[in-house]
Amino acid sequence: MDVQSCGNSGYDLHAGKNETVGTVTVKYNGVLLGVGGHMHDYAKQIVLEDATRKETVATLNANVDEKGQLVSMPL
């Protein structure tokens, strides 16, 4: 999944808080076994939501060091 719908994934951030939202349509029924994400330094969180049900499916909080540099992401 990509916040830019797998298009041009590069974009500029402005000073202060930045929140970017993307939509991905899943065309298959089934059970979600896991989810992961890709972020860069200073990012804090990825949230996967079911827009139809308006429910949070997963929240991944980034592990960063004291400078805000990304150390790891949970699965």
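Structure first, text after, so check above.
Calculation criteria
- Residues numbered from 1 in each chain as written.
- Predicted model: local features only at pLDDT ≥ 70, side-chain atom pairs only at ≥ 80, totals over all residues.
- Heavy atoms only, no water.
- Helix = DSSP H or I, 4+ residues; strand = E, 2+ residues; numbered from the N terminus.
- Contact = heavy atoms within 4.5 Å.
- Areas by Shrake-Rupley, 256 points an atom, 1.4 Å probe, with all protein chains shown as cover.
- Buried < 20%, exposed > 50% of the residue type's maximum accessible area, 1.4 Å probe, protein only.

A. Spatial organisation of the overall build of the chain. When helices and strands are tallied, the chain shows zero helices and four strands. Ordering the α and β elements of the chain from the N terminus gives β-β-β-β. A separation of at least 24 residues holds for 24% of the contacts in the chain among residues at least 6 apart in sequence. Just so you have it, the chain exposes about 6,700 Å², and 50% of that area is on carbon and sulfur atoms.

B. Just unusual backbone geometry, in detail. Located in the positive-phi region is tyrosine 42, a residue other than glycine, with phi close to 75°. By relative accessible area, tyrosine 42 is classed as exposed at 57%. Located in the positive-phi region is lysine 54, a residue other than glycine, with phi close to 55°. Summarising the element assignment, lysine 54 is placed in the loop between strand 1 (45-50) and strand 2 (55-61).

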